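# Structural overview for review
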Amino acid sequence: MSMAVASTLRSLARRRPRLRLPAAPLAVPGARAAFLSGAAEEAAADAAASAPPAPGRKVLESFREEFEIGGRAIAFETGKIARFANGSVVISMEDTHVLSTVAAAKSSEPVRDFLPLTVDYQEKQYAQGIIPTTYMRREGAPKERELLCGRIIDRPIRPLFPRGFYHEVQITVNVLSSDGKQDPDVMAANASSAALMLSDIPWNGPIGVIRVGRIDGNFILNPTVDELGLSDLNLVYACSRDKTLMIDVQAREITERDLQAGMKLAHSEAIKCIDPQIRLAKRAGKEKKEYKISLISDTSYEKIRTLSEAPIQEVFTDSSYGKFERGEALEKITQSVKAKLEEENDEDSLKFLSKAVDTVRKQVIRKRIIEEGLRVDGRQFDEVRPLYCESNTYPVLHGSALFSRGDTQVLCTVTLGAPGDAQRLDSIVGPPTKRFMLHYSFPPFSINEVAKRGGLNRREVGHGTLAEKALLAVLPPENDFPYTVRINSEVMASDGSTSMASVCGGSMALMDAGIPVREHVAGVSVGLVSQVDPTTGDISNYRILTDILGLEDHLGDMDFKIAGTRKGITAIQLDIKPAGIPLDIICESLEPARKARNQILDCMDQEISTARAINDGSAPRLATLSFSSDALRKLLFHRKKIEQETGARVSVSDGTVTIVAKTQPIMDKAIEKVEFLVGREIEVGRTYKGIVSSIKEYGAFVEFNGGQQGLLHISELSHEPVAKISDVVTVGQVLSLMCIGQDVRGNIKLSLKATLPQPRKKKDLESKGPLPSQEVGWAAVENMPSLGAADAEPSSSKHEDGTTVEPPAFSTPSVIIRSAADCDAQDAATGPKKRAKVAKSSPRPYKAPHERQEVRTATAKKTPVATKKTKKVKIEEPESNSLETSGSEEVPEHIASNTEDLKQSPVNFRSGSMKLGDVVTAKVYQIRAFGLVLELSDGARGMHKFEVNGRKEFEVGQELLVKCSSFNAKGIPVFSLVD
C-alpha cells in the first residue's frame, strides 16, 4: 500500500509544470542590462509599426523680381512671408527690408459713401537691434514720423481705386530690418503698390515712387540718409506711367527751373519700378474680384440734376455770398429736392441724394470757370485775396503774429527754450533730436462746427510738417542760435490753405521773437479745374487757379501747396483727386505761384522786415558754458540747489552746460552761482570771486572757482606797501581777485591790487600845493562817527533791472573840511601822534594786461559786498605826517580804502565858498560802484551818487558840468549832473 502511494506521488511530481526564471544579467561592461521576453518583443514591434512618420520639409514657393535704379539693386519678393494676406510683398535694398500687406473687408456691400482706406506704417526698434527705452519696453502709439510715412503711401494710391469702390481696405507696412542708410518710406510706397497688384482688390496701378536729392548741383537718385544731410533738395515723386500722382519737396531755396529738371528726372526713373510689379503680378498675383460698386443710376442722377441745377447756378452767380451764407443756400436746395423725392417715394434717388447734388455743384462751378472764366468769389484766376499782417500781437509772448488771407486766419506764436528742450525722435533713421517744431492745430470752431478733440490727427501732423519744412530753410545754424524753437499755429478761421497761412504767420512770428532768419517765407495754394475728353481720357481744357478757396479745393482737381522765399522754393506738397495729372501742367503752375508768393512777401515786409533784438522782448536768456568731466559731476550734484536759489534752468548735455533764465539778472545770478560752486577753466587776466581760507605771513590762501586754492601774496594786496597782511584781509572775507599767473611751486597767483585803480603819482599831488589864501585841514580818524550812526546809514539803490542792492558803507567818505585853526586846535587837544612805520620793501611791480577778453557768454554783475570785518588803519599825509588810529579804535577796511583815495593830496577849497546851487566844472577822479569821486579845479573833491536808471558810463579824467545839490553829514559836497 505504501509502495502504491509513493509511485502515485512521483507521477504527480513529473506532471507539475516548471516556472522558468530569466537568467541573471552578465556582469560585462557595456552589455545591455535587460533582455526582452517574447511578449515584450512583440509589443515593441507593434509600437514601432504604429509610430508617426518623420515630418517632411515644407517648401515655400516664393517669387522674386529684381531691378536697379541709380546704381542700387532693388528686389520685390512674395510667397515667403505673410502668405494669408490678400497681397504681401517684401522689398529689399541692401540690408533694409520692408514688408507691405493688403487686406479687404469680407462684406459684399459697402458700408460707407467714401473709400475707407487705412494705411498703418510701423517702425519697431528691433529693426535696428535696439530695445525700446519706454517703461514697458515696447512701442507705443504711432509717432509723427509713422503718420507722415503713412500719408506718403496713401496720397498716390487713393486716386487709383475705381470710382464708387467704397469697401474697407487696410495696408499694413512693417520695417523688418534697417541698416540706417536708406529711408524706408519710399520703399514702403513701392511695396504697397506691388501688394495691391498681387491682391484681388480692383486697383488701377501700379505706381513708381522715387526720392531725388541734389549735392553740388548734381541730382542723386535714392540718396542715403547721410547724402540727404548734404543735399539742398529732398524730392519724393510718385507717378503712373504717364501722369504725376504725388509730389513732396523740402528744399533750400531751389529755383523753379531746377525743380522742374528734378521732377522730370524723377519721372523717368520712377517708372522703372512699374514693370517689375507687372511681371510679379503675372507670376504670383490673384485674379481680381468683382466688388459691388456704389454708383447712382443715370435716371436718378438726371432727375436730381433737373431739380437742383438752376437754383445752384443762381447761388454761384451771386459773388456776394460768404462761405457760410453760400453753404446755407446750398443746403436749402438739397432739402427742397429731398422733399420732392420723398413725395414721389423714390428710394433709389434718396439713397444717393447728397452725392448727386455735390456732383451737380461740381459741374456748375467747373463749367463757369472753364467756359466763362468766373471764379466763385468773382476774382481773377491769378488774383490773391485781401491780406492782413500783424506782428507782436501779444507782447508778453516770445513772438506772435496774426495772418489773414481772405476769410482764412491763423495765429502763430513762438516759444524759445534750451537745447535740452529739443524733441526726441525714436526713428530708425535720421537725427535723434529735432530743435525746431511747428505744431498745427485745426479746432472745430474754425469752421463753425462741433467735434471732439482727440490725439494726433494725420491731417494736422501733415500740415504742420509742411509748414515746418518751409521755414526750416531760413533758420540760423545751431552754432549761431542754440535755442530750441517751437511754433504753435492756431487756425482761427478756415476757408482754404490754412497750412500756407501757417507758413506766413510763422515767418513773421520768428522775426518778432528775435530769431535771425535770413528773410521771410510765404506760401500759396494753386488749384486746377480741367475738362477730360471722354473718348481718350486725356485733359482737353484746364484753368489754373491761384489762392484757391476751400470750395475750389473741394470741387477742383488739385491742391498744389508751394512755399518759399524770393530766391526759391523751400517746400511743396501736391495732392490730386483724378488718376494723375500731366507733369507739364504741374510745371506750368509754378510761375503763377511765384508771382503770388512775392505779393504776399511784400505785405509781410511792410509789417516786419528784420528780426527784432532778442533781448528787447520777453525772450529767455541763454548761456552755454563748457566744463571738464569732474566739474560736470560737481554741477550735477549742485544743479537742484542752483535752480532753487536762482530760478534759472540748468541742463547738462555732452560736456556743455546750458543755463536758461527769464531775465538778465536771473541769468547773471545763475552764472555767478555756477562758477562759484563748480568753477571754470582758470585764465590769466580774469577776475574771480573768492573767500579767504587761511592767512600766512607771506600772504593769504583764497578758495575760489569751485574749491580751487590760490595764493594772494602780500605784495599783491595794495598799490601801497602793506606791513601786516592781517591788517588788510581776514579769514572768511569775500574778495574779487584777478589771476595773474602761476608761481614756481604751482600755486595760482592772485592779485587784489590789479582790480584797484592806479593811484596818482606823489609828484603830481605835491604840484597841486595849497593856494596862498586857502586853509586846509583833515579830521582825526578817531573822531569819525562809527558805521552804526544814523547819519552814516547809506541809502539803498536799484539797478536798471529793478533789483535792490544795499550800498557799501564806504559810499560816504570819512573826510570833513575844516580850517587850519580848527585843525591846530584839534591836534593840540589829541596830543602828538607817533609816526607810523612804513615797510621798507617796495611793492612788486605789476603790469596789468592791456586786453582782457571775456570768455563766458553772459557776464554777472559785480555787486560790492559790504563786510563787517574791521582792521587798524594808518593814514599818511603827503609831507610824511601820518596819523595812526589807536589800538582800541578800529575802522572798517572799506572806509579806510576810500580814505586813502581821498588823502593823496590836500583839499584846496575855501571854507564856506561852496553853496547850494553852484554850478562848477569837475573831473572824474574815481569811479565807484554806486557813484563818482569828483575833483574840482582847485583840487577839492566831492561826490556824485548814481541815480536809478540814470547814466553810469563815465571815464576817469572826464570833465563834467555839475551842480551842488547838498552836503552830506561830513561836509562833503554832493553834486548832480547838469544836462
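In this text, all values refer to a predicted model and were calculated from it rather than measured experimentally.

Another point: the overall build of the protein chain. On a plain count of helices and strands, the protein chain comes out with 21 helices and 40 strands. Out of the 979 residues belonging to the protein chain, those deemed buried represent 46%. The contacts in the protein chain between residues at least 6 apart in sequence include a share of 69% that link residues at least 24 apart. In the form shown here, the protein chain has an accessible surface area of approximately 50600 Å², with 51% of it arising from carbon and sulfur atoms.

Orientation of helix 17 (residues 629-646) relative to helix 18 (residues 664-677), taken along the N-to-C sense of each, is 150°, at an axis distance of 10 Å. With respect to each other, helix 17 and helix 18 are oriented roughly antiparallel. Viewed along their axes, helix 17 and helix 18 form a crossing whose handedness is right-handed. Between helix 17 and helix 18, the residues in contact are Lys634, Leu635, His638, Ile642, Glu645 and Thr646 and Ile666, Lys669, Ala670, Lys673, Val674 and Leu677, respectively. Along the lines of polarity and charge, the residues of the contact of helix 17 with helix 18 split into 6 nonpolar, 2 polar and 4 charged.

Here we take up helix 3 (residues 144-157). Across its 14 residues, helix 3 extends 20 Å between first and last C-alpha, which sits within 8% of the 20 Å expected from 1.5 Å per residue. With 11 of 14 residues buried, helix 3 lies mostly within the body of the structure.

Here helix 12 (residues 458-472) is 15 residues long and its end C-alpha atoms lie 21 Å apart, about the 21 Å a rise of 1.5 Å per residue gives. Of all 15 residues that make up helix 12, 12 are buried, and the element is covered over most of its length. Of the residues making up helix 12, those classed as buried are Glu460, Val461, Gly462, His463, Gly464, Thr465, Leu466, Ala467, Glu468, Lys469, Ala470 and Leu471. Two to three positions downstream of the cap, the backbone nitrogen of Arg459 sits 2.8 Å from a side-chain oxygen, assigning the N-cap of helix 12 to Asn457.

Spatially, 5 strands are ordered 11-12-13-17-16 in an open sheet, and the strand pairing comes out mixed. Both edges of this open sheet fall to strand 11 (387-391) and strand 16 (436-441), since each of them pairs with a single strand only. Adjacent strand axes in the sheet meet at a mean angle of 15° when their direction is disregarded. Pairing analysis gives 9 bridges linking strand 13 (residues 408-417) to strand 17 (residues 484-493), with the strands arranged antiparallel.

To continue, consider the confidence of the model for the protein chain. Here the protein chain shows a mean pLDDT of 79. Residues at 70 or above account for 78%. Below a pLDDT of 50 lies the segment residues 16-36, which in the model reaches 2 contacts outside its immediate sequence neighbourhood of four places, other chains included. Taken as a whole, residues 765-912 scores under 50 in pLDDT and shows 238 contacts with residues more than four places along the chain or in a different chain.

We now examine the nonpolar core. Phe161, Leu510 and Ile515 are the most contacted members of the largest nonpolar core, which has 132 residues in total. Counting residues per element, this core draws most heavily on helix 4 (residues 184-198), which supplies 10 residues. Ignoring sequence-local partners within four residues, the contact set of Phe161 consists of Leu115, Leu117, Val169, Leu196, Ile201, Pro202 and Trp203. In terms of nonpolar packing, the next biggest core, distinct from the first, is built from 25 residues, Ile333, Val360, Val364 and Ile369 among them.

Turning to the pattern of salt bridges, a few remarks are in order. Summed over all chains, the structure comprises 43 salt bridges. A salt bridge links Glu269 to Lys272; the shortest N-O distance between them is 2.8 Å. Given a relative accessible area of 39%, Lys272 falls into the partly exposed group. A salt bridge links Arg379 to Asp377, with the shortest nitrogen-to-oxygen separation between them at 2.6 Å.

Turning to the environment of Ser308, a few remarks are in order. Looking at the element boundaries, Ser308 is found in helix 8 (residues 298-317). The class of Ser308 is buried, set by a relative accessible area of 0%. Taking the C-alpha atoms as reference points, Ser308 and Leu330, 22 residues apart in sequence, are found 9.4 Å from one another. Excluding residues within four positions of it along the chain, Ser308 makes contact with Ile333, Val337 and Val360.

For the rest of this paragraph, the subject is unusual backbone geometry. Glycine aside, residues mostly have negative phi angles, and peptide bonds mostly take the trans form. A cis amide bond, omega 0°, links Gly205 with the succeeding residue Pro206. Relative to the elements of secondary structure, Pro206 occurs in the loop between helix 4 and strand 7 (208-215). The backbone phi angle of Asp216 is positive, close to 55°, even though this residue is not glycine. Its location among the elements puts Asp216 in the loop between strand 7 and strand 8 (218-221). Judged by relative accessible area, Asp216 falls into the exposed class, the value being 75%. A positive phi angle is found at Asn345, which is not glycine, with a value near 55°. Examined against the element boundaries, Asn345 turns out to sit in the loop between helix 9 (323-344) and helix 10 (347-351).

We now examine the sheet that holds strand 24 (residues 656-661). Read from one edge of the open sheet, 3 strands run 22-24-23, paired in antiparallel fashion. The open sheet terminates on both sides in strands that have one partner only, identified here as strand 22 (621-626) and strand 23 (649-653). The sheet shows a mean angle of 20° between the axes of neighbouring strands, direction not considered. Relative to strand 24, strand 22 is paired through 6 bridges, and the arrangement is antiparallel. Paired with Leu625 across the bridge in strand 24 is Val657.

Before going further, it helps to examine the side chain of Asp154. Take Asp154: it is sitting in helix 3. With relative accessibility at 15%, the residue Asp154 sits in the buried group. For Asp154, the side chain forms a polar contact with the side chain of Arg158, separated by 2.9 Å.

The subject of this paragraph is the side chain of Ser92. Inspection of the secondary structure assignment puts Ser92 in strand 3 (residues 87-93). Look past the residues within four positions of Ser92 in its chain and what remains in contact with it is Arg64, Ala73, Ile74, Ala75, His97 and Met187.

Glancing now at the state of the cysteines. Summed over the entire model, instances satisfying the criterion amount to 0 disulfides. Free cysteine Cys389: the closest other cysteine sulfur is in Cys603, separated by 3.6 Å. Residue classification places Cys389 among the buried residues on the basis of a relative accessible area of 9%.

Scanning the model with the defined rule gives 7 aromatic pairs in all. When the ring of Phe161 is compared with that of Phe165, the centres are 5.8 Å apart and the planes differ by 10°; the resulting orientation is stacked. The same class applies to Phe161 as to Phe165, namely buried. Each member of the aromatic cluster is reached from another via a ring pair, and the members are Phe161, Phe165 and Tyr291. Sitting over the ring of Phe442, Arg459 keeps its end group 4.4 Å from the ring centre.

Cut-offs and rules
- Residues numbered from 1 in each chain as written.
- Predicted model: local features only at pLDDT ≥ 70, side-chain atom pairs only at ≥ 80, totals over all residues.
- Heavy atoms only, no water.
- Helix = DSSP H or I, 4+ residues; strand = E, 2+ residues; numbered from the N terminus.
- Buried < 20%, exposed > 50% of the residue type's maximum accessible area, 1.4 Å probe, protein only.
- Contact = heavy atoms within 4.5 Å.
- Areas by Shrake-Rupley, 256 points an atom, 1.4 Å probe, with all protein chains shown as cover.
- Axes fitted to C-alpha atoms, helices over the stretch in contact; angles between N-to-C directions.
- Parallel < 35°, antiparallel > 145°, perpendicular 65-115°, else oblique.
- Left-handed = near helix turned anticlockwise from the far one by under 90°.
- Nonpolar A, V, L, I, M, F, W, Y, C, P; charged D, E, K, R; others polar.
- Expected span 1.5 Å × (residues − 1).
- Polar contact = N/O pair within 3.5 Å; in protein donor to acceptor, adjacent residues only side chain to side chain.
- Pairing = 2+ DSSP bridges.
- pLDDT = per-residue confidence, 0-100.
- Core = buried A, V, L, I, M, F, W, Y, C linked by side-chain atoms within 4.5 Å.
- Salt bridge = Lys/Arg side-chain N within 4 Å of Asp/Glu carboxyl O.
- Disulfide = S-S within 2.5 Å.
- Phe/Tyr/Trp six-rings, centres within 6.5 Å; stacked < 30°, edge-to-face > 60°.
- Lys NZ or Arg CZ within 6 Å of the ring centre and 35° of its normal.

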